[in-house]
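# Observations on the three-dimensional arrangement
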Number of protein chains: 2
Amino acid sequence: MAKEITPRSEDYSQWYNDIVRKSGLADHSAVRGCMVIKPHGFAIWESMQRQLDQMFKDTGHVNAYFPLFIPKSFLSREAQHVEGFAKECAVVTHHRLMNAPDGSGVVVDPDSRLEEELIVRPTSETIIWNTYKDWIQSYRDLPLLINQWANVVRWEMRTRLFLRTAEFLWQEGHTAHATREEAIEETRMILDLYATFAEEWMAMPVIKGVKTPNERFAGAEDTYTIEALMQDGKALQSGTSHFLGQNFARAFDVTFLNKENQQEHVWATSWGVSTRLMGGLVMTHSDDDGLVIPPRLAPWQVVIVPIPKPAPEINDAAQKLIRELRDRQIRVHYDNDETKRPGFKFAEHELRGTPVRIAIGLRDLEQGQVEIARRDTREKTMVPADGAAGYIQKLLEDIQARLLESARKYRDDMTFHADTWEEFERILDDKGGFVYAHWDGTTETELAIKEKTKATIRCIPLDNPPEQGKCILTGRPSSQRVLFARAY
Amino acid sequence: MAKEITPRSEDYSQWYNDIVRKSGLADHSAVRGCMVIKPHGFAIWESMQRQLDQMFKDTGHVNAYFPLFIPKSFLSREAQHVEGFAKECAVVTHHRLMNAPDGSGVVVDPDSRLEEELIVRPTSETIIWNTYKDWIQSYRDLPLLINQWANVVRWEMRTRLFLRTAEFLWQEGHTAHATREEAIEETRMILDLYATFAEEWMAMPVIKGVKTPNERFAGAEDTYTIEALMQDGKALQSGTSHFLGQNFARAFDVTFLNKENQQEHVWATSWGVSTRLMGGLVMTHSDDDGLVIPPRLAPWQVVIVPIPKPAPEINDAAQKLIRELRDRQIRVHYDNDETKRPGFKFAEHELRGTPVRIAIGLRDLEQGQVEIARRDTREKTMVPADGAAGYIQKLLEDIQARLLESARKYRDDMTFHADTWEEFERILDDKGGFVYAHWDGTTETELAIKEKTKATIRCIPLDNPPEQGKCILTGRPSSQRVLFARAY
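These figures come from a predicted structure and were not determined experimentally.

### Describing the overall build of chain A
Within chain A one finds 14 helices and 27 strands. In terms of overall dimensions, chain A is globule-like: its C-alpha atoms have a radius of gyration of 26 Å, near the 23 Å expected for 488 residues. The dimensions of chain A, computed from C-alpha atoms along their principal axes, are 80 × 70 × 55 Å. Considering only contacts in chain A between residues 6 or more positions apart, those separated by 24 or more positions represent 68%.

Quick look at the structure:
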């Protein structure tokens, strides 16, 4: 099975598609640009959702649900917002089908035209702020800390499974605050939460930073981002948190009576991560034999394979081990399908990325041992059956830690500093990766660099040290380096 | 607060709306027929989802996600299916907006017309069976047991919060089987699962039955249903499970190689429950003072109110009790907001349906007691602070059981047998409720009865005893009674 995967060295893009499709994560659908998330992929997404949802709730947020449709006029209220999304909107214009008068089939009933077209939400700021108008009167109603898990649609012309699809799943937080400072604090707190999730759960190291004005969310005063580096040296924007100022409050006339008894516009944030994270997960850890899933997100963390097939003694030993593992909250699956041989099962679980595989054979059992193989390094170890559960618990923690360490080492090895234009271009062409370089701070220069190299400013890192230098393109003075990369 | 609720005796429909809106469950949105599910409502829906999802997984199902959009031609493949949904479809026809040439605002870009219109899914049989074609080759690929949590859109002309909205949230199971018997078994197993959930979690008694051909799902061979009775004597169809035969497999050409090495069409089921259950929950238990939530689904099962306001000794006692309750997996909230008085808090928690309220005051504490009030019966009891957690755990179980018992008693009291047309009409007009009566088995008679009385056949109950009789309308012979009611 694993042999069907195109090696990264041969065709990285094809490798990615092979992994996503053959390991059972997702597939293309009959609808242009829309994907089917298959059970294995959805189970990993559910692991992500569960953890993120808990982190949102632990920081005081609650979930709610707002309409799928946005009246066209709402989208137009915030000028930059509509500018940002107008070109990729799925528009609902009618509400009924009918039999064609000529009997040729089913057609749209022209009499069912809507008075105002509805846009399938590309993001929900407008419909939500229109609702918040009714929910917020006084400072006592603030802060309002709401999150929504939803599907959204952006009509992308070039799509890639998980990374860029017309419909995707995400969460979008929309919070309302009494002061600018409190809203900025929320924006940054969520950025930290996203970074913690990416590193501790996905084992995907990220750089936290702020976007340049040119790369800001349409309607934001500031967009914060976490940026990860994929195995082909390209960056992946993995989550964004926006400080929206009072823009949406003004557009939808949302004011509150402050403690000084004055009417004031409300301060806003919004923030989201999406099924794009699934693409990041794949491209951070997987290899030419298939998926590698960090144990904390793996639907099954451990699979037990009887060698060569189920037998009473093997089943007993497996059931005992399963009980011990479940007592430790470890998700374990006994693959006792008699129609498949061990070699087939090994390849399948390798392809699907199960972190730990245990082989239980009669001969090993007689010696009181089982064979434990880890997916990430392929190392196999014989371990006493007694105490195997404790060994595995420790092993899962080791794998989680090593995956992060290994991804961080790759990222660090692929992070460069460029001081001249030639150096900048050579690094991008020869190696890719993150490049720290000076920039004169203008959108004009930013766009010129993108035009020449396809590299964009991923962010101005939050922990940037001040450093005097000269812009790599224009030579104009700069007070800090910014982070460049070619990106998804 | 509670006083703002219209009493049921005055205007039942207004009472329902008041409860839903004022207790924080949901509200109308700016988009025709679409609702906003507010945080309190969404938290209850999350409780429902969590339990149902666990029940689906325990019975071998996995989750996946299929596209929001369905190509128009797909919907047309199954003749009855398109017939059933054509009149209520949201149709996407364009994929871009543009600035109006006359500067009047943003309009649909006429050049962005789609080659084939897309329907926002009203249900997903067609897109899913088109996908299953690629997933099923042999009997080894069966059964395929997949569920999806999703939003769907049916363009209803008359909408009511939760009960009938243009967009709603639901789960839809879609399973594929090698034999007719296995598919029917799945259909019935899910019906039992739904009934168990309704009774044990929602404390909402239901009657399990099969729909008449006239009331079947569009494209099904048989539709099974659970029917509940609301406090106004009207029935609520609360969940359906469909045996689809080979209809969708034929429409999308999904065959498999059976064990005898022959190609055969796959057998299908589909089943769903939706946010409509929220309406059922409200109309089964709530009263003129607000929501009543069964403890198993309540976001907060217990609220603690300091009397008259937080103080060190009260806080200590509250924290101790909170720890003890959490050790018992009880969801508890300490309402220590100093800006609100106890009376306001009492009314608010009554309105929002929190099952148990604990009042902790200094004087009671000195005597080692706290006051415990239950939402359902309004009974108050002084209980020793030591051991209060155990008392409350037991109390929550009692409340859950009493709510079911009470709803069952109401349902039984409102269930009648009619043997003549006059009796049938009089019961429906005077009392409403469920009416068991003989029917001659024809759609013609079923429709005539509906025309005359607005009552429909809710189902042919599964546990029906055979009984010879005469149709209440036509006098023709009948071998069993069926269940009539006016319905939502």
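### Considering the sheet that holds strand E9 (residues 144-153) of chain B
Residues and elements named next belong to chain B. On the basis of which strands lie adjacent, the open sheet formed by eleven strands has the order E3-E9-E10-E16-E13-E12-E11-E24-E27-E23-E22 and mixed pairing. Of all strands in the sheet, those bounded by a partner on one side alone are strand E3 (62-63) and strand E22 (415-417). Across three bridges, the pairing between E22 and strand E23 (residues 434-438) is parallel. Across the sheet, residue Phe416 finds its bridge partner in E23, namely Val435. Where helix H5 (residues 125-135) meets the sheet, it contacts E9, strand E10 (167-177) and strand E16 (267-274), and its direction lies at approximately 35° from that of E10.

### Topic: the relation of the copies chain B and chain A
After a rotation of 180° and a shift along the axis of 0.0 Å, chain B superposes on chain A with an RMSD of 0.0 Å. Expressed as a symmetry operation, the mapping of one chain copy onto the other fits a two-fold axis. Closest to the rotation axis within chain B is the C-alpha of Val92 of chain B, separated from it by 2.1 Å. A share of 100% of interface residues in chain B that are also interface residues in chain A marks the association as one of identical surfaces.

### Considerations on the domain arrangement of chain A
How big an interface is tends to be expressed through the accessible area that disappears when the partners come together. Residue and element names in this part refer to chain A. Split into domains, chain A comes out as domain 1 (2-285), domain 2 (302-395) and domain 3 (415-485). With five residues of domain 1 at the interface, the matching set in domain 2 holds five residues. For the side of domain 1 that touches domain 2, a count of residues per class yields one nonpolar, three polar and one charged.

### Let's talk about the environment of Arg140 of chain B
Within the secondary structure, Arg140 of chain B sits in the loop between H5 and E9. Measuring from C-alpha to C-alpha, the distance between Arg140 of chain B and Lys259 of chain B comes to 8.9 Å, with 119 residues separating the pair along the chain.

### Examining the interface of chain B and chain A
Listed per partner, the contact involves 50 residues of chain B and 50 residues of chain A. When its residues are assigned to classes, the side of chain B that touches chain A shows 33 nonpolar, ten polar and seven charged. Examined bridge by bridge, strand E5 (residues 91-94) of chain A and strand E5 (residues 91-94) of chain B share three bridges and lie antiparallel to one another. Bridging across to E5 of chain B, Val91 of chain A finds its partner in His94 of chain B.

### Quick notes on the packing of helix H9 (residues 312-327) of chain A against helix H12 (residues 388-413) of chain A
For any two helices packed against each other, one specifies the inter-axial angle together with the distance between the axes. Residues and elements named next belong to chain A. Two numbers describe how H9 lies on H12: the axes approach to 9 Å, and their chain directions differ by 45°. The angle between H9 and H12 falls in the class oblique. In the packing of H9 onto H12, the handedness of the crossing is right-handed. The residues of H12 that touch H9, namely those facing Leu321, Glu324 and Leu325, are Ala388, Ala389 and Ile392. Its residues placed into classes, the contact of H9 with H12 shows five nonpolar, no polar and one charged.

### Comments concerning the sheet that holds strand E20 (residues 369-374) of chain A
All names here are of chain A. The five strands lie next to each other as E18-E17-E19-E20-E21, forming an open sheet whose pairing is mixed. Looking at strand neighbours, the two that pair on one side only are strand E18 (332-334) and strand E21 (380-384), the edges of this open sheet. Looking at each pair of strands side by side, their axes are set apart by 25° on average, direction ignored. Across three bridges, strand E17 (residues 302-307) lies against E18 in parallel orientation. In the strand pairing of E18, Ile304 is matched with Tyr334. Contacting E17 and strand E19 (356-361), helix H10 (residues 342-352) crosses the sheet at an angle of about 170° to E17.

### Some thoughts on the pairing of strand E24 (residues 456-461) of chain A
Residue and element names in this part refer to chain A. Pairing analysis gives two bridges linking strand E11 (residues 207-210) to E24, with the strands arranged antiparallel. Counted as the bridge partner of Gly209 is Pro461 from E24. Sheet topology note: the E24/strand E27 (residues 481-485) ladder contains three bridges and is antiparallel. Following the sheet pairing, Thr456 is matched in E27 by Ala485.

### Structural notes on the environment of Asp141 of chain A
Residue and element names in this part refer to chain A. Of note, Asp141 is situated in the loop between helix H5 (125-135) and strand E9 (144-153). Each C-alpha atom of the pair Asp141 and Leu257 lies 9.8 Å from the other, and the pair is 116 residues apart in sequence. With residues near it in sequence (within four places) discarded, Asp141 still touches Trp135, Ile136 and Phe256.

### Concerning the confidence of the model for chain A
The predicted model of chain A has a mean per-residue pLDDT of 96, with 99% of residues at 70 or higher. In the predicted complex, the global pTM is 0.97; the interface-specific ipTM is 0.97.

### Side note on unusual backbone geometry
Omega for the peptide link from Leu142 of chain A to Pro143 of chain A comes to -10°, which places this bond in the cis form. Along the chain, Pro143 of chain A falls in the loop between H5 and E9. Phi is positive for Phe162 of chain B, which is not a glycine, with a value near 70°. Mapping Phe162 of chain B onto the fold places it in the loop between E9 and E10. Here the phi dihedral of Asp253 of chain B falls at roughly 55°; this positive angle occurs in a residue that is not glycine. The residue Asp253 of chain B is located in the loop between helix H7 (247-251) and strand E14 (255-257) in this model.

### Points about helix H1 (residues 12-22) of chain A
All names here are of chain A. For H1, the full list of buried residues reads Trp15, Tyr16, Ile19 and Val20. For H1, the angular spread of buried residues about the axis comes to 125°, placing them on one side. On the buried face of H1, the contacting elements are strand E1 (26-28) and helix H8 (276-285). Looking one or two residues past H1, Gly24 carries a phi angle of roughly 85°, positive in sign.

### Observations regarding H9 of chain A
All names here are of chain A. The terminal C-alpha atoms of H9 lie 23 Å apart, and with 16 residues this matches the ideal 22 Å at 1.5 Å per residue to within 8%. For H9, the full list of buried residues reads Ile314, Ala317, Ala318, Leu321 and Leu325. Take H9 and look down its axis: the buried residues cluster within an arc of 100°, on one side only. Those residues of H9 that are exposed and angled more than 90 degrees off the buried face are Pro312, Asp316, Gln319, Arg323, Arg326 and Asp327. Against E17, E18, E19, helix H11 (362-366) and H12 lie the buried residues of H9. Immediately downstream of H9, the backbone of Gln329 shows phi near 65°, a positive value.

### Looking at the pairing of E9 of chain B
All names here are of chain B. As paired strands, E3 and E9 are joined by two bridges and run parallel to one another. Bridging across to E9, Asn63 finds its partner in Asn147. Note that E9 and E10 share ten bridges and pair antiparallel. Within the sheet, the bridge partner assigned to Gln148 lies in E10 and is Glu172.

### A closer look at the environment of Lys431 of chain B
Residue and element names in this part refer to chain B. Structurally, the position occupied by Lys431 is in the loop between helix H13 (421-430) and E23. Looking at Lys431, the number of C-beta atoms within 10 Å reads 12, which means it is exposed. With 91 residues separating them in the primary sequence, Lys431 and Lys340 have C-alpha atoms 43 Å apart. Once you skip the residues sitting within four places of it in the chain, Lys431 turns out to touch Gly233 and Met414.

What counts, and where the lines are drawn
- Throughout this document, residue positions are counted from 1 along each chain, in the order its sequence is written.
- Chain labels run from A onward and ligand labels from 1 onward, assigned in the order the entries are written.
- For this predicted model, a pLDDT threshold of at least 70 governs which residues receive local features, and a threshold of 80 or more governs which side-chain atom pairs are given and counted, while totals over whole chains, interfaces and linings are taken from all residues.
- Elements are defined by DSSP. Helices are runs of H or I of four residues or more, strands are runs of E of two residues or more, and each kind is numbered from the N terminus.
- We compute the radius of gyration over the C-alpha atoms and compare it with the globule rule, which gives 2.2 Å times the number of residues raised to the power 0.38.
- By definition, residues are in contact whenever their C-beta atoms, placed on the basis of the backbone, come within 7 Å of each other.
- Pairs of strands are assigned from DSSP output, requiring at least two bridges between the strands.
- Axis definition: a line fitted to C-alpha atoms, limited for helices to the stretch in contact. Angles are taken between N-to-C directions and run from 0 to 180 degrees.
- What sets the superposition is a least-squares fit of C-alpha atoms, and only residues with pLDDT of at least 70 in both copies go into it.
- The source of the domain bounds is an automatic or database domain assignment.
- Residue type decides the class: Asp, Glu, Lys and Arg count as charged, Ala, Val, Leu, Ile, Met, Phe, Trp, Tyr, Cys and Pro as nonpolar, and the leftover types, Gly among them, as polar.
- Angle categories are assigned with fixed cut-offs, so that under 35 degrees is roughly parallel, over 145 is roughly antiparallel, 65 to 115 is roughly perpendicular, and the rest are oblique.
- Whether a crossing is left-handed or right-handed is set by the direction in which the near helix is turned from the far one by less than a right angle, anticlockwise for left-handed and clockwise for right-handed.
- As a per-residue quantity, pLDDT reports the predictor's confidence and falls between 0 and 100.
- Each residue is classified by how many other C-beta atoms fall within 10 Å of its C-beta atom, where C-beta atoms are placed from the backbone; a count of 20 or more means buried, 12 or fewer means exposed, and values in between mean partly exposed.
- By definition, the arc is the one covered by directions from the helix axis to the C-beta atoms.
- By this rule the span expected of a helix is its residue count minus one, scaled by 1.5 Å.

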